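In case you want the letters, here they are:
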Amino acid sequence: MKQVLKLFDTYEREVRELKPLKGNEIGLYACGPTVYNFVHIGNLRTYIFEDLLHRTISHAGFNVTHVINITDVGHLASDADSGEDKMEVGSRRTGMTAWEIAEFYTSAFKDDLVKLNILEPTIWCKATDHIEDQIAFIVDLESKGFVYETSDGIYFDSRKLDDYGYLARLDIDGLQAGARVNLGEKRFVTDFALWKFSKPDENRQMEWDSPWGIGFPGWHIECSAMSARYLGDYFDIHCGGKDHIPIHHTNEIAQTQASKGTRLANFWLHGYFLQMEDSKMSKSSGDFLRLETLIERGYLPLVFRYFCLQAHYRSELSFSWESLKAAHTSLMRLYEAAYSWGAPSNISEEYYVRFVQHLYNDLNLPRALAVAWELVRSPEPDGIKKATLLAFDEIFGLDINAWRPKQVDIPKEVSSLLARREEARKSKDWNAADQVRDEISRLGFSIEDSKDGPIIKPI
RNA sequence: GGCUGGGUGGCAGAGUGGUUAUGCAGCGGUCUGCAACAUCGUUUACGCCGGUUCGAUUCCGACCCCAGCCUCCA
């Protein structure tokens, strides 16, 4: 039975079959980070979601071109005349140049992706490598009458589009009425900057010449320009975090609609947030959890990946150390079970079909994972369980086959105690045996008695 | 305040107009000298108030609360 891959499209607000626009090719564009700081685990949840999407599309038999951009231009903290450029602020904070900062945090970001077993995208692209493309895009918009100039930059005239804001179902009148900031020289609340002028006294590290004067591109234009370069004017899937729906993606669509006449992507997919117990996961406040923080607390990076697998990408996921620990316990049990099964034999058709069914139903990984657990607890032969679970892991990406029990050096002291305990047990001196076990546990090791003798593990 | 989306058992989280996933924790059994490991079983939840219906956690309305956006943020 051939199963079809169905995904939820934010633009139409419906689940429908993914059919390639061209041949067997799927173009997938994912909004990447602004590299002025480390990414946090909330950001990483979104990249895990996109990786699952990437793997699932490949699984369905399509060729994926996965593009991730790096926003290495700082932009401003707001479109109004206030705010500071993030890269410039980062530069002052660290003593590095804006260019060095971009490079430093880009490489830190890529390290995190590798640790989470996220497949390398087909194409990485940087905003600063595509200034010409962005300028050309704005020139085109200008020739079509969609821009106007103010004293601080070139702006997009959003009222020229009838259905501006459709993606987010924006209520334009309501937005205007409830606007919280004053417009500056902008003509309308939803207008946004395409090009910003450098201020004469500013001394920016990142600026370029343009037909309108020296300055730097607005944020939204880079994605329209770069996605067009690598995937064309209308491609299959565009994704990012749900916070991008009302502004960033809305504006990308507006630009592309004005210039190319398309809605940019056939499917718009959005990852939901990782929710913190008490505070918001916020990069700008500086108060956030990195993957590194989890590792320092003794968690394997893939525990975080497993943690994310438990929730559907379109619902909020609450993070707490308690639930991360639960994920750790689950994953370790899965690893140990799979390891104990030995060599794989054949895949169980029955379980595999159910797995794919859930996967193709808008990436229902929680259900797919439930099938995995049913398999683990089923009476199927070990070889079949192993083969089937490894097939699931092509999507899960938990690296189940590579896992090995931790090899630990057992101190001499402990191994001699262990021998003494075995002696005591042989002579059924249970008091002595239990006493030695207590002593060993004080030294940081636990004992599990098995048919083949005691197994010792660090606590 | 406006718009968009959401509120499920101790925790995390699927799903459904009537049969109510899965994981973790807890409890009980098996195993064990005792434990641990493992394993089996188990706790009957859907914010609040109305309405539709033979029947609603699932549909509709009001209210409360949470999140996203309206200021850079996945």
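Residues numbered from 1 in each chain as written. Chains lettered and ligands numbered in written order. Predicted model: local features only at pLDDT ≥ 70, side-chain atom pairs only at ≥ 80, totals over all residues. Heavy atoms only, no water.

A closer look at the overall build of chain A
Secondary structure summary: chain A contains 15 helices and 15 strands in total. C-alpha extents for chain A along the principal axes are approximately 95 × 55 × 40 Å. Sequence separation of at least 24 residues holds for 75% of the intrachain contacts in chain A that already meet a minimum separation of 6. For chain A, the exposed area adds up to about 21,600 Å²; of that, 48% sits on carbon and sulfur atoms. Placing the 53 positive and 69 negative side-chain charges of chain A at their respective mean positions leaves the two points 6 Å apart. (Helix = DSSP H or I, 4+ residues; strand = E, 2+ residues; numbered from the N terminus. Contact = heavy atoms within 4.5 Å. Areas by Shrake-Rupley, 256 points an atom, 1.4 Å probe, with all protein chains shown as cover. Lys, Arg positive; Asp, Glu negative; His and termini not counted. Charge placed at Lys NZ, Arg CZ, Asp CG, Glu CD.)

Quick word on the environment of Gly-145
Note on placement: Gly-145 falls in the loop between helix H4 (131-143) and strand S6 (147-149). What makes Gly-145 partly exposed here is its relative accessible area of 30%. On a C-alpha basis, the gap between Gly-145 and Ser-259 in space is 10.0 Å, while along the polypeptide they are 114 residues apart. (Buried < 20%, exposed > 50% of the residue type's maximum accessible area, 1.4 Å probe, protein only.)

Considering unusual backbone geometry
For residues besides glycine, phi is generally negative; the peptide bonds are generally trans as well. Unlike most non-glycine residues, Leu-264 shows phi in positive territory, near 75 degrees. Structurally, the position occupied by Leu-264 is in the loop between helix H7 (245-260) and strand S11 (265-271). Residue class for Leu-264 comes out buried when judged on its relative accessible area of 1%. A positive phi angle, close to 55 degrees, is found at Lys-428, a residue other than glycine.

Some thoughts on empty space enclosed by the protein
For the coordinates displayed, the defined rule picks out two cavities of 30 Å³ or more. Approximately 110 Å³ is the volume found for the largest cavity. In terms of lining, the largest cavity is formed by Arg-45, Ile-48, Phe-49, Leu-52, Cys-308, Leu-309, Ala-311, His-312, Tyr-313, Leu-363 and Leu-365. Mapped by element, the contributors of at least two residues to the lining of the largest cavity are helix H1 (41-59) and helix H9 (301-309). The dominant element in the lining of the largest cavity, judged by the number of residues it contributes, is H1, at four residues. Each residue belonging to the lining of the largest cavity can be placed in one class, and the counts come to nine nonpolar, one polar and one charged. Residue assignment places the lining of the largest cavity across two domains, with domain 1 (7-276) and domain 2 (289-402) each supplying three or more. (1 Å grid on protein atoms, 1.4 Å probe; cavity = no way out; pocket = protein on both sides within 12 Å on 5 of 7 lines; lining within 4 Å. Points joined across faces, edges and corners; volume = space filled by probe spheres on them. Nonpolar A, V, L, I, M, F, W, Y, C, P; charged D, E, K, R; others polar. Domains from an automatic or database assignment.)

What to know about the pattern of salt bridges
Here the structure, examined in full by the defined rule, presents 23 salt bridges. A salt bridge links Glu-14 to Arg-16, with the shortest nitrogen-to-oxygen separation between them at 3.5 Å. In this structure, Asp-140 and Lys-144 form a salt bridge, with 3.0 Å as the shortest nitrogen-oxygen distance. We classify Asp-140 as partly exposed; its relative accessible area is 23%. One connected set of salt bridges, linked through shared partners, spans Asp-9, Glu-12, Glu-14, Arg-16 and Arg-263. (Salt bridge = Lys/Arg side-chain N within 4 Å of Asp/Glu carboxyl O.)

A look at helix H3 (residues 98-115)
Taking 1.5 Å per residue as the helical rise, H3 with its 18 residues ought to reach 26 Å, and the 26 Å between its terminal C-alpha atoms agrees with that figure. Following H3 by one or two positions, Asn-117 has its phi on the positive side, about 60 degrees. (Expected span 1.5 Å × (residues − 1).)

Notes on the domain arrangement of chain A
Parsing chain A into structural domains produces domain 1 (7-276), domain 2 (289-402) and domain 3 (412-458). The C-alpha centroid of domain 3 is placed 60 Å from the C-alpha centroid of domain 1.

Side note on the packing of aromatic side chains
This structure, assessed with the given rule, holds 24 aromatic pairs. Taken together, a centroid distance of 4.9 Å and an interplanar angle of 85 degrees make the contact between Phe-104 and Tyr-105 edge-to-face. Residue Tyr-105 is classed as buried on the basis of its relative accessible area of 6%. Aromatic ring contacts, followed pair by pair, group Tyr-299, Phe-304, Phe-307, Phe-319 and Trp-321 into a single cluster. Over the aromatic face of Trp-124 sits the side chain of Lys-110, whose NZ or CZ is 4.5 Å from the ring centroid. (Phe/Tyr/Trp six-rings, centres within 6.5 Å; stacked < 30°, edge-to-face > 60°. Lys NZ or Arg CZ within 6 Å of the ring centre and 35° of its normal.)

A few points about the sheet that holds strand S3 (residues 25-30)
Spatial ordering of the open sheet is given by S5-S4-S3-S10-S11, a layout of five strands whose pairing is parallel. Looking at the sheet topology across the chains shown, the edges are occupied by strand S5 (123-126) and S11. Pairs of neighbouring strands in the sheet enclose a mean axial angle of 20 degrees, with direction left out of account. Here S3 runs beside strand S4 (residues 63-70); their pairing, made up of six bridges, is parallel. In the strand pairing of S4, Gly-27 is matched with Thr-65. Set on the sheet, H1 makes contact with S3, S4, strand S10 (235-241) and S11; between it and S10 the angle comes to about 155 degrees. (Pairing = 2+ DSSP bridges. Axes fitted to C-alpha atoms, helices over the stretch in contact; angles between N-to-C directions.)

Section: the environment of Ile-447
Structurally, Ile-447 can be placed in strand S14 (residues 445-450). What makes Ile-447 buried here is its relative accessible area of 15%. Sequence-wise, Ile-447 and Leu-418 are 29 residues apart; in three dimensions their C-alpha atoms are separated by 8.9 Å.

A few points about the pairing of S3
Along any regular strand the residues' side chains alternate between the sheet's two faces. By the criterion of burial, S3 is predominantly enclosed, with five of the six residues buried. Regarding topology, H1 serves as the crossover connection from S3 to the parallel S4, and that connection is right-handed. As judged from the three bridges shared by S3 and S10, these two strands associate in the parallel manner. When the bridges of S10 are listed, Leu-28 appears paired with Ile-237. (Right-handed = clockwise from strand over helix to strand, strands pointing away.)

Observations concerning the packing of helix H11 (residues 349-360) against helix H12 (residues 365-376)
Running from N to C, H11 and H12 cross one another at 165 degrees; their axes reach a closest spacing of 7 Å. By the angle between their axes, H11 is roughly antiparallel relative to H12. By crossing handedness, the relation of H11 to H12 is classed as right-handed. Contact residues: Tyr-351, Arg-354, Phe-355, His-358 and Leu-359 in H11; Leu-365, Arg-367, Ala-368, Val-371, Glu-374 and Leu-375 in H12. Here the residues of the contact of H11 with H12 are counted per class, giving seven nonpolar, one polar and three charged. (Parallel < 35°, antiparallel > 145°, perpendicular 65-115°, else oblique. Left-handed = near helix turned anticlockwise from the far one by under 90°.)

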